[in-house]
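Next come the chains, spelled out residue by residue.
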Amino acid sequence: MKTTAFIGTGRMAAALISCICKSSVSRNIIASDKNNINLARIKKQFKIKTTTDNKEAARNSDIVFICVKPQDIDAVLDEIKDVVKNQLIVSIAAGIRLKHLENKLKNKRIIRVMPNINCIAGEMAAGFSAGKYATKEDIKNVSGILNSAGIAFFMKEDLLDAVTGISGSGPAFFAYFIDAFVKAGVKNGLPRETAFKLACQTALGTGRLLMEKNLSPDKLIAMVASKKGTTVAGLDVLKKHKAKNILIKTIDAAVKRSKELGR
Ligand SMILES: NC(=O)c1ccc[n+]([C@@H]2O[C@H](COP(=O)([O-])OP(=O)(O)OC[C@H]3O[C@@H](n4cnc5c(N)ncnc54)[C@H](OP(=O)(O)O)[C@@H]3O)[C@@H](O)[C@H]2O)c1
């Protein structure tokens, strides 16, 4: 059976491993980390092989996911570069470009992924791009793994900054809105727990309805908003304060920052 290595066993790696373990993608997994607490947690949770030696993990695998923070990635690349021969390298580090990875690993097969934290719930929205030396088979394999954790779109690398703005940072923006819904619910007399569940279920259901029925957001708004009704009263406030412009500026700021951080 093929083996997938995970270097770095923090939140994103744990989420991806969890999705692979639950999916029909059958693979051995080995994980390495210098953080013994994370490593022990992942070993206990998923009953997978672990090591503190990144080289050992990389050497014995056919796909190597690098899941350390962007500031730690160069140290990992320097460490494993001599044992990377035919392995496919998959980096999930925000802002670290394919060119940089290819330079460091001397033109090996590389795929770059922009995942999101919703992977923990098996609801990831991701984008990914392939380097010059990655094959169609590599893209298919990584697509299979990522789609077992949610949905993933293959695209040109330049577009990954937009993915970072919408779905990489997006869970934090949606959580911000949900927090406002909860506060408003509590202000209007609901218990916090009830307001929280109503807000979360409404967000979940809205996304699911739009996707399952392939509805445009405008169509859904028209389905809910009856003349002089409650929804129109609320939408008037959003329009008066140009909320849509604020939201577009929010995503623009995240995309701009992603471009600035890129190297
Ligand atoms: N979290 C998100 O929402 C999100 C979204 C999109 C992309 N990403 C990307 O995903 C990557 C991982 O993020 P995360 O949130 O999972 O980070 P994390 O929870 O901090 O996990 C990173 C792990 O890598 C370990 N590590 C650091 N240097 C190492 C080395 N030289 N060798 C082996 N392990 C090492 C860390 O140990 P220490 O704790 O001891 O440093 C930690 O256990 C990042 O590059 C990030 O840009 C994250």
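None of the values given here were measured: they were computed from a predicted structure. (Residues numbered from 1 in each chain as written. Predicted model: local features only at pLDDT ≥ 70, side-chain atom pairs only at ≥ 80, totals over all residues. Heavy atoms only, no water.)

**Student:** Help me understand the nonpolar core, please; the structure alone is not making it clear to me.
**Tutor:** It is characteristic of soluble globular proteins that their nonpolar side chains tend to be buried jointly. Within the largest apolar cluster, 33 residues are counted, with the highest numbers of intra-cluster contacts made by Phe6, Phe65, Ile111 and Val113. At the level of elements, α1 (11-22), β2 (28-32), α2 (36-46), β4 (63-66), β5 (88-91), β6 (110-114), β7 (124-130) and α6 (136-147) are the ones that each hand at least two residues to this core. Beyond its immediate sequence surroundings of up to four residues, Ile111 is in contact with Leu88, Ile89, Val90, Ser91, Leu98, Phe128, Ser129, Ala130, Ala134, Asp138, Ile139 and Val142. The next biggest cluster of nonpolar side chains, apart from the first, holds 21 residues, and it includes Ala5, Ile66, Val83 and Ala93. (Core = buried A, V, L, I, M, F, W, Y, C linked by side-chain atoms within 4.5 Å. Buried < 20%, exposed > 50% of the residue type's maximum accessible area, 1.4 Å probe, protein only. Helix = DSSP H or I, 4+ residues; strand = E, 2+ residues; numbered from the N terminus. Contact = heavy atoms within 4.5 Å.)

**Student:** Hey, could you run me through the pattern of salt bridges in this one?
**Tutor:** In a structure, side chains of opposite charge can pair up when their charged atoms sit close to one another. The tally for this structure, following the rule as stated, stands at 10 salt bridges. The structure contains a network of salt bridges with shared partners spanning Asp78, Lys81 and Lys104. (Salt bridge = Lys/Arg side-chain N within 4 Å of Asp/Glu carboxyl O.)

**Student:** What is the right way to read the sheet that holds β5 from this model?
**Tutor:** Hydrogen bonds between backbone atoms are what pair the strands of a sheet, whose relative direction is either parallel or antiparallel. With respect to topology, eight strands assemble into an open sheet ordered β3-β2-β1-β4-β5-β6-β7-β8, the strand pairing being mixed. One side of each edge strand has no neighbouring strand; the edge strands of this open sheet are β3 (49-51) and β8 (150-154). Across the sheet, the mean angle separating the axes of adjacent strands is 25 degrees when strand polarity is ignored. Looking at chain direction, β5 and β6 are connected through three bridges and run parallel. Residue pairing in the sheet places Ser91 in a bridge with Arg112 of β6. Where helix α4 (residues 73-80) meets the sheet, its contacts fall on β1 (3-7), β4 and β5, and the angle it forms with β4 comes to roughly 155 degrees. (Pairing = 2+ DSSP bridges. Axes fitted to C-alpha atoms, helices over the stretch in contact; angles between N-to-C directions.)

**Student:** Please clarify how helix α8 (residues 170-187) should be interpreted in this entry.
**Tutor:** Note: α-helices contain 3.6 residues per turn, so residues at a spacing of three or four share the same orientation. Look at α8: 26 Å from first C-alpha to last across 18 residues, which is about the 26 Å you get at 1.5 Å a residue. All of the buried residues along α8 are Gly170, Pro171, Ile178, Val182 and Gly185. Angularly, the buried residues of α8 cover 105 degrees about the axis, an arc narrow enough to put them on a single face. In α8, the exposed positions that point more than 90 degrees away from the buried face belong to Ala172, Tyr176 and Lys187. (Expected span 1.5 Å × (residues − 1). Arc of directions from axis to C-beta.)

**Student:** It is not clear to me how the packing of aromatic side chains should be interpreted in this structure. Could you clarify?
**Tutor:** In this description, a pair of aromatic rings is defined by centroid distance and the angle of the planes. According to the stated counting rule, one finds three aromatic pairs in the structure shown. With a centroid separation of 5.7 Å and 85 degrees between ring planes, the pair formed by Phe174 and Phe177 is classed as edge-to-face. One end of the pair is Phe174 and the other is Phe177, both in helix α8 and three residues apart, which spans about a single turn. Classification of Phe174 as exposed rests on a relative accessible area of 53%. (Phe/Tyr/Trp six-rings, centres within 6.5 Å; stacked < 30°, edge-to-face > 60°.)

**Student:** Looking at this structure, how should I read the pairing of β2?
**Tutor:** Residues in a regular strand project their side chains so that they alternate between the two faces of the sheet. With four of its five residues buried, β2 lies for the most part within the structure. Where β1 lies against β2, five bridges are found, and the strand directions are parallel. When the bridges of β2 are listed, Thr3 appears paired with Asn28. Bridge count between β2 and β3: three bridges; the pairing is parallel. Each bridged residue has a counterpart across the sheet, and for Ile30 the counterpart in β3 is Lys49. A crossover links β2 with its parallel partner β3, the connecting element being α2, and its sense is right-handed. (Right-handed = clockwise from strand over helix to strand, strands pointing away.)

**Student:** I keep staring at the packing of helix α7 (residues 160-168) against α8 and nothing clicks. Help me out?
**Tutor:** The relative placement of two packed helices is expressed as an angle between their axes plus a distance between the axes. It is the contact of α7 with α8, at a shortest axis distance of 5 Å, that shows an interaxial angle of 30 degrees. On the basis of their axis angle, the class for α7 and α8 is roughly parallel. From α7, Gly165, Ile166, Ser167 and Gly168 reach across to α8, where they touch Gly170, Pro171 and Phe173. Looking at the contact of α7 with α8 residue by residue, the classes come out as three nonpolar, four polar and no charged. (Parallel < 35°, antiparallel > 145°, perpendicular 65-115°, else oblique. Nonpolar A, V, L, I, M, F, W, Y, C, P; charged D, E, K, R; others polar.)

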